[in-house]
Structure formats: C-alpha cells, structure tokens
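# Breakdown of the fold
One letter stands for each residue in the lines below.
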Amino acid sequence: MSAAGVAAPAAGGEGGAAPVLEARGVTMRFGGLQALAAFDLRLEPRELVGLIGPNGAGKTTAFNAITGVYAPTGGEVRVGGARVNGERPHQICARGVARTFQNIRLFKELSALDNVRVACHLGARAGWAAALALTGGFLRDEARLTRRAGEFLAVMGLAHRRDEPAKGLPYGEQRRLEIARALATGPKVLCLDEPAAGMNASEKVALMELIRKIRDDFGLAILVIEHDMRLVMGVSERLVVLDHGVTIARGTPEAVRRDPKVIEAYLGDSYLEERHIAVPDDRPGRKS
Amino acid sequence: MRAPGLALRSLLPFLLGLPALLALQGSLSDFWASVLITAGVNVILAVSLNVVNGFTGQFSIGHAGFMAVGAYTAAKITLAAAGWAPAGLPPRLADGAVFLLALLAGMVTAALAGLLVGMPSLRLRGDYLAIVTLGFNEIIRVIIENTAFLGRATGLSGLPRRTTFAWAWMGVIATVVMARRLLGSTHGRALLAIREDEVAAEAMGVDTTGYKVKAFVVSSAFAGLAGGLLVHLIQLCTPRTFTFVKSIEVVVMVVLGGLGSVTGSAVAAFGLTLALEGLREVQEYRMVAYSLLLIVLMLTRPTGLFGTREAWDWLPRLPWRRRPEEGA
Amino acid sequence: MTEFLQHLVNGLSVGTIYALIALGYTMVYGVLKLINFAHGDVYMVGAFSGYYIAHALGAGDRPTLPKALAVFVGSMVVCGALGAAIERFAYRPLRARPRLTALITAIGVSFLLEYGFQLPSFGLTTQPFPPGPTPRFFPQPFARVSWSLGGVELSNYDVVSFAVAFGFMLLLQLVVYRTRFGRAMRAVSFDAQVAGLMGINVNRVIAGTFVLGSVLASVAALLVAGSRPTINPLMGLMPGLKAFVAAVFGGIGNVPGAMVGGLVLGLAEEYVAGYLLSSYRDAIAFAILIVVLLVRPEGLFGRVRAEKV
C-alpha cells in the first residue's frame with residue numbers, strides 16, 4: 001500500500017539509458033579452479049533476470065564477484081556506468097546493489113526491526129558525535145530511520161515480527177526479512193541468491209509473485225539466482241544459464257527452455273520435472 | 001530555545017549525578033573512597049572494553065596499553081602544572097581545571113593510540129586480533145620503559161592526589177552514557193551487525209573496517225580516562241601498572257558481566273573489585289581465583305551473568321518506559 | 001665478524017627453542033583453530049617437573065647420564081599428561097562453541113598455571129611445591145665446557161641443545177608425514193568434520209596433538225633450563241608469546257613453517273638487539289608479528305582460505 005512511498009527514486013523514466021548493472025568478461029579463479037569464465041550480463045532498469053544453473057555452476061560466485069565479496073580475477077563490473085572492480089562490498093552497496101544470501105545471514109540476535117534498521121544506515125545523516133550528544137537532529141534521524149524500517153517490514157508482511165529476534169522467525173519469514181533488509185539499503189539492483197531455497201511449492205510460487213511485485217512497486221532491476229528452472233521461468237524476462245562457470249545460454253525463458261545445452265546440463269532435474277516425473281522438491285541447505 | 005534544550009538533554013545525567021556524588025562523597029571514609037574509586041576506574045575500563053569486545057565482537061586484550069597512554073599523558077600534564085596558581089583563581093578550582101584538562105588530553109592521546117593500533121590490525125580475525133592487541137600492549141610498555149622522559153621502568157612519582165570519588169564516578173557516568181547512547185543509535189546497531197555477521201553487515205553498506213576502528217578509538221579514549229584517574233589516585237605512574245595482566249583482568253570483568261551488556265560489565269567490574277578488596281589478605285590466591293572463575297564461567301555460562309541483556313530488561317515493562325524505537 | 005658469528009650462534013640457540021614451542025602452537029592451531037594460550041605455561045611446567053625430578057634423583061649433586069635421561073623422559077611424560085588433561089577438561093567441552101569462548105578459557109588455563117605455581121608451598125616435600133614466585137635454580141645435568149673458536153664462544157650445552165632440538169624436529173617431521181597418526185592429524189587439520197566421517201577418531205587425534213606439542217615444549221624447557229638455569233612460574237610467558245609469533249610468521253598450522261619461523265625470529269631478535277636496540281628486545285617479536293599480519297597474514301608457508309559466502 002505505502003510501498004510506493006518508500007520506493008527508491010531509482011531509474012525513473014530513463015528508458016534506454018545505461019544499464020544499471022553490467023558485467024563484462026568477469027572471471028573468477030581460485031587457485032587452479034576457474035569458477036566463473038568470461039561472465040557477461042547487462043541489467044536494464046526495471047528488468048527481472050534469472051540466473052540459473054545446476055549445483056556448482058558458479059551462480060553464487062557471479063554474485064560474489066558483482067557485490068564485491070571477491071575481487072574479480074578478470075573482466076570488469078560496472079554499476080550505473082561506473083567501474084567498481086576492487087571496491088569493498090559496502091561501497092558497492094552504497095552505489096545501489098543490494099543482495100541476499102543463499103544460506104540466510106541475518107543478524108540473528110537482533111530484532112527484525114533492527115535488522116532492517118542496520119540496512120537503513122546508509123541514509124543516516126547524524127554522526128557519532130551527534131549520537132553521543134543526543135542532539136535533536138540525531139533523534140529526528142533515528143525516528144525517520146525507524147519509520148522507514150517499519151515500512152519495509154510491512155511491505156514484506158513482517159510488521160507483526162517487529163520486535164522478535166531474527167533467529168526466532170520461521171524459515172520463510174527469515175528469507176523475507178533478508179529481502180526487506182536488502183530493500184532498505186535503497187538499491188537500484190536487487191540480487192537475490194536462491195530466495196526460495198528450502199520452501200515448499202506453494203510458498204515458492206507466492207515468493208516469486210512477491211518478487212515481481214517488488215520490482216513493479218520499487219522500480220528495481222532484480223537478478224534472481226534460482227535452482228528450480230521452471231519456477232524462475234514464470235517471472236523472469238530473461239534468463240542466463242551457467243554451467244561449470246561457463247555461460248551456456250541466454251535469452252527469453254522460451255528460447256532457453258528449448259536449448260539442447262541447457263537440457264543436457266539440467267538432465268535429471270528440471271528436465272524431468274517438466275515431464276512431470278516426480279522430483280523431490282524440498283531440499284533445504286543445498287549449495288550451488 | 002533549541003540550544004538550551006539540547007544542552008539539558010545531553011548533560012542531564014551529569015547534572016543529576018554531580019550533586020548526588022558530591023553529597024555522597026562527604027560521608028565516605030578514606031578507605032571506602034579509595035575502594036570505590038578503584039571500582040569506578042574498573043567500571044570505566046570494563047564498559048569501554050565492552051564497546052569493542054561486546055558490541056563489535058572483536059577481541060582486544062590490550063586495553064591496559066591505552067590506559068597507560070592516557071595515564072602518562074595526564075600525569076605529565078599535572079606534574080608540569082604543579083605549583084601553577086594563576087592570580088584571582090582559587091587554587092582548588094585551578095587544580096580542578098588542570099586535572100580536567102589532563103584527563104581530556106589523556107583521552108585524546110589514548111584515542112590516537114587506538115587509531116594507530118586499530119587501523120592496521122582490525123582487518124584481522126578474532127584470535128589474531130587478540131594477539132596483536134596484546135603485542136601492542138607489550139610494545140607500549142617496552143617503549144615507556146625505554147623513554148627517559150617517561151621515567152623508564154621506575155615511572156613517574158609524586159603525582160598530586162586529584163582523583164576523588166566524585167571525579168571517578170563522573171567518569172563512570174560519562175562512560176556509561178557514551179555506551180548506552182552509542183548502543184541506541186544507528187552507529188551502535190552497525191557495530192552489533194558486525195558482531196552478528198560481518199559479511200552481511202558489509203553487504204548492507206556498513207563500512208566494517210571503518211566502524212571497527214571507530215569503536216576501537218572510542219574505547220581507547222575511555223581506557224585513557226581510566227588510566228588518568230587511576231594514577232591520580234595511587235599518585236604513581238609506572239609501566240608495571242599497565243601490563244597485560246591488567247588487560248586480562250578487564251577482559252575477565254567484561255566476560256563475567258556478559259559481552260554486550262553495559263550494566264553487566266559495570267556490575268561485574270564493581271563486584272569483582274569489591275570481592276578482590278576482600279581477598280586482600282590472601283593476595284596470592286587472588287589471581288588463581290580469577291583464572292578459575294574464568295574457566296568455570298566459560299564452561300558453564302559462556303554468555304556471562306547478563307548475556308547481552310541489560311539489568312532493566314528483567315524489570316516489568318513500566319508504562320513510562322517507552323520503547324526506544326518509538327523515538328522522540 | 002666475530003661478533004656477527006657470536007650473534008649467529010646465540011640466535012640459532014634461542015631460535016631452536018622458539019621453534020620447538022612454536023610447533024606446539026602450530027599443530028594445535030592446525031587441528032582445533034585455537035590459539036592455545038596455555039602452551040607457554042606447559043613449557044614452564046616442563047622446566048619445573050624437570051627440576052623436581054632432578055632433585056628427587058639427586059641429579060644436582062652427582063649428575064650422571066641416566067639421571068639426565070630420566071629427568072628428560074619424566075618431564076616429557078608430565079607435560080604430555082598435562083597437555084592431554086588441558087585438552088580434555090578445558091577445551092573439549094567447548095569445541096562446538098564460538099572460538100572466542102575457547103580462547104578465553106585458554107587464557108584462564110594459562111593464568112591458572114602461572115599463578116597456581118606462585119602459591120605458597122604446602123611444604124610436604126623437601127623441595128617446596130608449589131615453588132612460589134621466587135626463581136629457582138635448575139641443577140646442572142653435566143659440567144659445562146666452553147670453547148672459543150676464533151673468539152666465538154660455544155659450549156657443550158649449545159651443541160647438545162642444537163642436536164636434541166633438531167633431532168626432535170626431524171622426528172616430528174617423520175611423525176607428521178610418515179605415520180598413520182600424522183596422516184590422521186593432517187586430515188583433521190584440513191577438515192575435522194569430514195575426517196570424522198571418514199572414520200578417524202577426531203578426539204584421539206586432537207588429544208594426541210596436544211600431547212605431542214606439550215612434549216616438545218618440555219624438551220624446549222629442559223634445553224633452556226640446562227643452559228640458563230633460573231626458572232620461575234612466569235618463565236613461559238614471553239617465550240610462549242614469541243613462539244606464537246614464530247608460528248604465525250611461518251604460517252600457522254604449518255609444521256615446517258613453525259621451525260623456520262622460530263629460527264628466523266631467534267636470529268632477528270639477536271641481531272636487532274645486538275646491533276641496534278638492545279633494550280627493545282621484547283618488542284621486536286611483536287613488531288615482526290604486526291608487520292607479518294599486515295603484509296602477509298597467511299605467513300611464510302600458509303595458504304589463504306577465503307570464507308565461504
């Protein structure tokens with residue numbers, strides 16, 4: 001309802017402007033292992049792109065290279081046209097790239113509200129001295145951050161959990177809290193790392209709907225890692241498929257689905273699912 | 001209109017505290033005054049170390065080094081100002097002004113030392129950081145022992161006795177107010193986020209290294225305050241007072257009270273000081289008791305007495321206690 | 001030149017001691033990812049147990065080789081048992097807890113040993129135990145013979161110390177790289193959980209690592225006590241910290257690294273103290289530590305392991 005009120009003023013009507021996020025030939029090598037090879041990605045404003053691939057395909061590695069957790073071994077990452085290679089994650093976050101984590105990384109002992117308030121921190125204006133002197137400006141700033149954080153909680157349907165410690169939340173709500181937290185940093189690009197992992201089928205569908213709604217309400221570009229290809233097909237405009245660190249396909253969901261290389265990479269997983277052969281759907285904690 | 005309001009809000013704890021402390025001071029015997037001053041100094045140390053070890057989740061075991069920096073700075077200033085009596089100013093007031101200046105200067109130098117130590121070492125992980133802070137503690141000691149200006153191993157003696165009960169506990173109020181206000185601010189939450197998950201905090205836009213250094217600097221400044229207060233109680237400033245054994249004592253207080261609990265470390269520091277005062281007869285057993293306490297505590301209740309909670313979290317919610325997030 | 005060589009001899013002799021102690025740190029860190037703060041105090045206990053055994057045998061009055069050996073072996077046994085006990089009762093219960101909990105416990109154990117040994121004596125034995133804070137004199141195991149080789153002072157103590165230290169380091173290399181236990185140890189150090197799943201008794205390997213490290217510490221202590229006979233309950237503090245620095249310098253968790261680190265630290269201390277700033281000797285190790293951690297935190301031979309996100 002009030003979602004538009006807290007939306008970041010990102011990417012208003014600049015159609016055809018520079019991509020909000022761009023990766024050019026990004027390569028990640030760990031010792032002798034090439035985890036990601038010449039990864040290319042252009043993310044336009046308000047675009048919803050799925051990054052898919054089987055286990056160990058390098059999806060999370062791509063995220064880590066984009067968000068600055070690792071400095072890319074080769075290639076370059078641009079956010080809003082500016083090269084960000086070698087910047088620390090908090091700097092890249094300040095440029096407008098927010099993320100969630102595959103293996104939920106909430107601030108466990110802090111309340112749901114505080115988790116989000118930490119992320120609102122980038123918007124804080126009062127410094128340490130003001131906080132220690134308890135100035136009026138500081139108190140107004142705190143009140144504003146608190147209000148803002150509360151709104152993000154409400155958007156993600158977590159208002160009733162406001163004061164509960166994050167560790168006590170049910171699994172699905174923890175995932176949503178992570179998204180609320182990422183949104184609170186005021187991003188232009190939201191990177192979601194397997195947001196549906198460990199959820200059951202109906203929860204997954206609801207989540208994908210929510211992701212699309214976030215995109216529409218906040219006007220964000222969203223990059224979603226998903227393991228389950230069928231799920232992500234429904235919401236994304238474009239897909240990028242990784243396998244063994246190599247981009248094996250890209251394009252519309254329809255085109256990607258028919259790509260023989262993708263079918264091969266997925267054989268035994270989504271391939272079978274599409275033929276309605278039973279595949280256990282609920283496997284939390286798996287790694288990619 | 002606004003400015004006086006701000007000053008009042010900002011200084012309220014001090015304005016309330018000072019008359020209370022002065023009133024109490026008159027009724028204290030010399031013995032109790034000195035015990036309570038020592039306890040106050042320890043409370044300052046424990047609460048300020050908690051900013052780094054408890055809030056931020058880093059592990060410093062070199063607090064005594066920063067204490068030393070503050071102590072020597074303050075001691076040099078009061079020694080230099082000895083006998084300084086400006087015309088027209090009552091001598092007690094002049095002494096007080098000099099002492100205040102000396103304490104503040106001690107805080108500044110200790111903060112600078114904290115910055116110097118923190119900048120390179122706070123990139124390190126927990127246990128490495130512990131050893132490096134311990135190393136700096138030792139380096140500070142060795143430097144003092146080799147500097148003629150600071151009296152080498154014998155130290156500086158003949159300091160005026162300036163630390164009264166009221167001085168020490170005004171310091172306590174300042175430290176506790178600092179810690180509580182920090183914790184209630186967005187900056188404090190950023191520190192807690194670093195403690196909870198450094199990678200996630202960084203990803204949410206918290207400059208983790210910068211924040212750790214800031215926490216370290218603030219913490220060191222208050223260690224310097226404690227140092228300045230202590231040497232003007234014992235009237236002697238020697239490197240032996242600031243070995244890493246002292247640092248560990250402070251760590252024990254923080255751990256005992258609960259990493260992350262301001263009231264916890266204050267209560268633990270106060271309680272341990274009084275308990276050790278009682279054990280003065282059996283001095284030799286004191287450190288043994290300390291170490292046993294530490295081990296047993298870690299094995300049975302590693303979160304300390306208070307955990308990360310504050311004393312009033314156990315009180316029933318009173319109607320006049322607004323929830324902090326409701327702001328002003 | 002003579003001075004240079006003399007520093008070389010002294011530096012190597014201190015360095016081998018650091019190396020022996022550093023091995024204990026590095027092995028324990030390898031399997032537990034814990035800085036065993038109490039390790040320097042195990043070293044101190046090594047010296048004292050040697051002292052008590054020597055007095056019980058009367059080795060001080062009429063030193064013989066069997067008596068010296070008995071002192072050696074006895075002290076190693078005591079330290080090995082102490083190491084195993086510390087692991088069993090102080091660290092094992094905390095293994096699943098955050099690492100800082102174990103570190104704080106380690107500090108507690110260290111203080112317990114240091115101050116426990118400074119308690120007033122019970123007076124049950126001829127030699128008072130605990131020894132109290134006053135330094136004691138370690139009985140000489142054999143007569144000192146000094147040679148002067150072109151001005152460089154060298155004693156039979158230096159020679160024996162070298163030989164024994166290198167012998168033990170060689171032996172350790174064999175244990176770590178050539179035995180089943182060593183292989184299990186390396187497996188646990190690589191990934192304790194997986195090693196456990198592969199049928200390795202992780203508890204036994206960790207306990208064994210503590211025993212091994214403690215035995216080496218007692219060897220170091222006896223070598224030091226033989227040539228510099230004053231011993232006191234705080235004697236483990238500085239060598240312990242410095243040996244830790246040596247372990248970090250060599251790459252913590254890395255066995256050859258600890259040996260090299262110990263030797264380099266011994267030499268660096270000796271040369272810097274000898275030529276530049278003698279009174280800053282104790283600060284050198286920490287200065288080195290800080291530089292190493294800033295420039296190459298993984299140490300000389302260590303590998304970086306990035307945190308998985």
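Everything numeric in this text was worked out from a predicted model, so none of it was measured. (Residues numbered from 1 in each chain as written. Chains lettered and ligands numbered in written order. Predicted model: local features only at pLDDT ≥ 70, side-chain atom pairs only at ≥ 80, totals over all residues.)

## Things to note about the overall build of chain C
Each helix and strand in chain C was counted, giving eleven helices and four strands. Rg of the C-alpha trace for chain C: 19 Å, near the compact-globule value of 19 Å for 309 residues, within the 12% margin. Structurally, chain C occupies a C-alpha span of about 60 × 50 × 35 Å along its principal axes. Of all 309 residues assigned to chain C, the portion counted as buried reaches 48%. Sequence separation of at least 24 residues holds for 75% of the intrachain contacts in chain C that already meet a minimum separation of 6. (Helix = DSSP H or I, 4+ residues; strand = E, 2+ residues; numbered from the N terminus. Rg over C-alpha atoms; globule rule 2.2 N^0.38 Å. Buried ≥ 20, exposed ≤ 12 C-beta atoms within 10 Å, placed from the backbone. Contact = placed C-beta atoms within 7 Å.)

## Things to note about the overall build of chain A
Along its length, chain A carries twelve helices and ten strands. When each of the 288 residues of chain A is scored for burial, the buried share is 50%. A separation threshold of at least 6 residues defines the contact pool for chain A, and within that pool the share at least 24 residues apart is 67%.

## Some remarks on helix H4 (residues 99–116) of chain C
Under the 1.5 Å per step criterion, the end-to-end length of H4 of chain C is 25 Å for 18 residues, consistent within 8% with the ideal 26 Å. Of all 18 residues in H4 of chain C, 15 are buried; the element is thus mostly enclosed. (Expected span 1.5 Å × (residues − 1).)

## So, the interface of chain A and chain B
The interface is formed by 36 residues belonging to chain A together with 31 residues belonging to chain B. Considered class by class, the residues forming the side of chain A that touches chain B number 20 nonpolar, seven polar and nine charged. (Nonpolar A, V, L, I, M, F, W, Y, C, P; charged D, E, K, R; others polar.)

## Quick word on the nonpolar core
By size, the foremost hydrophobic cluster in this structure holds 294 residues, and its most contacted members are Ala180 of chain A, Ala46 of chain B together with Ala220 and Val245 of chain C. Excluding residues within four positions of it along the chain, valine 245 of chain C makes contact with Leu265, Ala285, Phe286, Ile288 and Leu289 of chain C. (Core = buried A, V, L, I, M, F, W, Y, C linked by C-beta atoms within 7 Å.)

## A word on the interface of chain B and chain C
When the parts come together, some accessible area is lost, and that loss is often what is quoted as the size of the interface. Opposite the 30 residues of chain B that make contact, chain C presents 35 residues. Of all the secondary structure elements, the ones that give two or more residues to the side of chain B that touches chain C are helix H4 (91–121), helix H5 (126–145), helix H10 (244–257) and helix H12 (283–300) of chain B. Among the elements that take part in the side of chain B that touches chain C, H12 of chain B stands out by supplying eleven residues, more than any other. A per-class count over the side of chain B that touches chain C returns 22 nonpolar, five polar and three charged.

## Digging into the sheet that holds strand S5 (residues 82–83) of chain A
Residues and elements named next belong to chain A. In spatial order, the strands read S2-S1-S4-S5; together these four strands make up an open sheet with antiparallel pairing. Of all strands in the sheet, those with a lone pairing partner are strand S2 (33–43) and S5, marking the two edges. Looking at chain direction, strand S1 (residues 21–30) and strand S4 (residues 74–79) are connected through five bridges and run antiparallel. Looking across to S4, one finds that glutamate 22 is bridged to arginine 78. (Pairing = 2+ DSSP bridges.)

## Thoughts on the packing of helix H2 (residues 39–57) of chain C against helix H8 (residues 202–227) of chain C
All names here are of chain C. Between H2 and H8, the shortest axis-to-axis distance is 7 Å and the interhelical angle comes to 55°. Between H2 and H8, the crossing angle belongs to the class labelled oblique. Between H2 and H8 lies a crossing of right-handed hand. For the pair H2 and H8, contact is made by His39, Val42, Tyr43, Met44, Gly46, Ala47 and Gly50 and by Gly213, Ser214, Ala217, Ser218, Ala220, Ala221, Leu222 and Ala225, respectively. The residue inventory of the contact of H2 with H8, partitioned by class, reads nine nonpolar, six polar and no charged. (Axes fitted to C-alpha atoms, helices over the stretch in contact; angles between N-to-C directions. Parallel < 35°, antiparallel > 145°, perpendicular 65-115°, else oblique. Left-handed = near helix turned anticlockwise from the far one by under 90°.)

## Here we look at the sheet that holds strand S3 (residues 48–52) of chain A
All names here are of chain A. Sheet architecture is open: six strands sit in the order S6-S7-S8-S3-S9-S10, paired in mixed fashion. Among the strands making up the open sheet, the edge pair consists of strand S6 (97–99) and strand S10 (246–251). Adjacent strand axes in the sheet meet at a mean angle of 20°, parallel and antiparallel pairs treated alike. Sheet analysis places S3 next to strand S8 (residues 221–226), joined by five bridges and oriented parallel. Along S8, the bridge assignment pairs valine 49 with leucine 223.

## Describing the packing of helix H2 (residues 30–55) of chain B against H10 of chain B
Residues and elements named next belong to chain B. Interaxial distance between H2 and H10 falls to 9 Å at its minimum, and their mutual angle equals 70°. For the element pair H2 / H10, the angle class is roughly perpendicular. Residues Asn42, Leu45, Ala46, Leu49, Asn50, Asn53 and Gly54 of H2 touch H10, and the partners they reach there are Val250, Met253, Val254 and Gly257. Here the residues of the contact of H2 with H10 are counted per class, giving six nonpolar, five polar and no charged.

## Some details on helix H1 (residues 2–32) of chain C
In this model H1 of chain C runs 44 Å from its N-terminal to its C-terminal C-alpha over 31 residues, within 8% of the 45 Å that 1.5 Å per residue would give. Of the residues one or two after H1 of chain C, lysine 33 of chain C is the one with positive phi, at around 55°.

## Focus: unusual backbone geometry
Comment: phi is negative for the bulk of residues other than glycine, and the bulk of peptide bonds are trans. Its identity is not glycine, yet glutamate 194 of chain A carries a phi of approximately 45°, on the positive side. With respect to the helices and strands, the residue glutamate 194 of chain A is situated in the loop between strand S7 (189–193) and helix H8 (201–218). Overall, glutamate 194 of chain A belongs to the buried group, with 23 C-beta atoms counted inside 10 Å. The phi dihedral of arginine 152 of chain B is positive, around 45°, even though this residue is not glycine. Counting through the fold element by element, arginine 152 of chain B comes out in the loop between H5 and strand S1 (156–157).

## As for the environment of methionine 235 of chain C
Residue and element names in this part refer to chain C. Mapped onto the elements of the fold, methionine 235 is located in the loop between strand S4 (230–231) and helix H9 (237–250). Methionine 235 sits in the buried class, given 23 other C-beta atoms within 10 Å. Residues in contact with methionine 235, not counting those within four places in the same chain, are Met44 and Ala47.

## Quick word on the pairing of S2 of chain A
Residues and elements named next belong to chain A. Sheet analysis places S1 next to S2, joined by seven bridges and oriented antiparallel. Counterpart to methionine 28 in the pairing with S2 is leucine 36. Between S1 and S2, which pair antiparallel one after the other, the connecting turn spans two residues, and glycine 31 there sits at a positive phi close to 60°.

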